[in-house]
Amino acid sequence: MTTTPAAPPTGRAIPARDWRAPAAACTTVLLWASAFVSIRSAGEAYSPGALALGRLLAGTLVLGAICLVRREGLPSRAAWPGIIASGLLWFGLYMVVLNWGEQEVDAGTAAMVVNIGPILIALLGARLLGEGLPRRLLAGMAVSFAGAAVVGLSMSGHGGSSVLGVLLCLLAAVAYAGGVVSQKPALRNGTALQVTTFGCLIGTVACLPFSGVLVSEAADAPLPATLNMVYLGVFPTALAFTTWAYALARTTAGRMGATTYAVPALVVLMSWLLLDEVPALLTIGGGLLCLAGVAVSRRRPQTGLEQTHPAALSVEGPRHDTEREQADRP
């Protein structure tokens, strides 16, 4: 007599993983990578502060129009501390000092120094947001940072880097990390569009002292440089920062920060395709290391029970990212 094997416990089915957050993160990374190509062109005609202000003005206009169409309204009072902090640090300070720093050091050195940012995000997220430091995240970030360092070394020029340029890039990394960690709590009290729009507005107001320089330089700038500045505001700022906020609201700050390590690899590829800058083998290897580290840091751990009978956990329903990472913490 044959017996029918017992079915795994039934209950609420495990929902399919939402593809929208990963798609939003990928959109952000692609557009931020494209920004390096556009900055290279616009930066020849615009000074750091003017370029930051022009980019933020374009982004604020687009985001404001979308908010009006969607009738988003103002975020709640609880969201404003994070919006103001991220607006000043990330939209304002970061953009100005990064533009300035890249004029003082070569692109490779800038990439190496600024890529300290994701590490700072993970450390600040663990300290201030209680996110923890899962082993996979730490391992993936170590691999990606090594890849970013290889890319940076392979792209570094031979003219040397100024101390001022390195300090500016370091300040940009700190501002970037502080902005992300400040933005995360704001997303609990406001939508991604609200947090991005008003953060961009705060950054624009902070950069208004560069208005005179922007007007003066815009009068003499070639059309391609101005179009690149507008592109930076519409896509890598308005769109990419919104998709970033959407994804950040659905994962940890450390994991989102690690995702940006894909940017150096994409910049190498885009420079190859769009600028005909053939990368060295060392550069390609570093880019592959960056992508491998991102894959490791984004991989979710599975428990033995999940590997044997995924449906057996269906009665628990979905869990938050930080709970999923408990099994992988040191």
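Residues numbered from 1 in each chain as written. Predicted model: local features only at pLDDT ≥ 70, side-chain atom pairs only at ≥ 80, totals over all residues. Heavy atoms only, no water.

Some points on the environment of Tyr231
- You can see Tyr231 is positioned in helix 10 (residues 223–248).
- Overall, the relative accessible area of 25% leaves Tyr231 in the partly exposed class.
- Setting aside residues up to four positions removed in sequence, Tyr231 forms contacts with Leu31, Ser34, Ser38 and Pro236. (Helix = DSSP H or I, 4+ residues; strand = E, 2+ residues; numbered from the N terminus. Buried < 20%, exposed > 50% of the residue type's maximum accessible area, 1.4 Å probe, protein only. Contact = heavy atoms within 4.5 Å.)

Section: helix 8 (residues 192–206)
- Between its first and last C-alpha, helix 8 extends 21 Å over 15 residues, near the 21 Å set by a 1.5 Å rise per residue.
- When you tally the buried positions in helix 8, you get eleven out of 15 residues, the bulk of the element.
- Inspection of helix 8 places Ala192, Leu193, Gln194, Val195, Thr196, Thr197, Phe198, Gly199, Cys200, Gly203 and Thr204 among the buried residues, and these make up the whole buried set. (Expected span 1.5 Å × (residues − 1).)

Here's the deal with the packing of aromatic side chains
- All told, the structure shown has eleven aromatic pairs when counted by the stated rule.
- Centre to centre, the rings of Trp90 and Phe91 are 6.2 Å apart; their planes meet at 50°, and the pair counts as tilted.
- With relative accessibility at 1%, the residue Trp90 sits in the buried group.
- By relative accessible area, which is 0% here, Phe91 ends up buried.
- Between the aromatic rings of Tyr94 and Tyr176, the centroid separation amounts to 5.9 Å while the plane-to-plane angle is 45°, which identifies the pairing as tilted. In this pair, Tyr94 is assigned in helix 3 (residues 80–104) and Tyr176 in helix 7 (residues 163–186), connecting sequence segments 82 residues apart.
- Each residue in the set Trp32, Trp90, Phe91, Tyr94, Tyr176, Phe241 and Trp244 is aromatic and connected to the rest through ring pairs, giving one cluster.
- The ring of Tyr246 has Arg250 sitting right over it, with the charged end atom 3.7 Å from the ring centre. (Phe/Tyr/Trp six-rings, centres within 6.5 Å; stacked < 30°, edge-to-face > 60°. Lys NZ or Arg CZ within 6 Å of the ring centre and 35° of its normal.)

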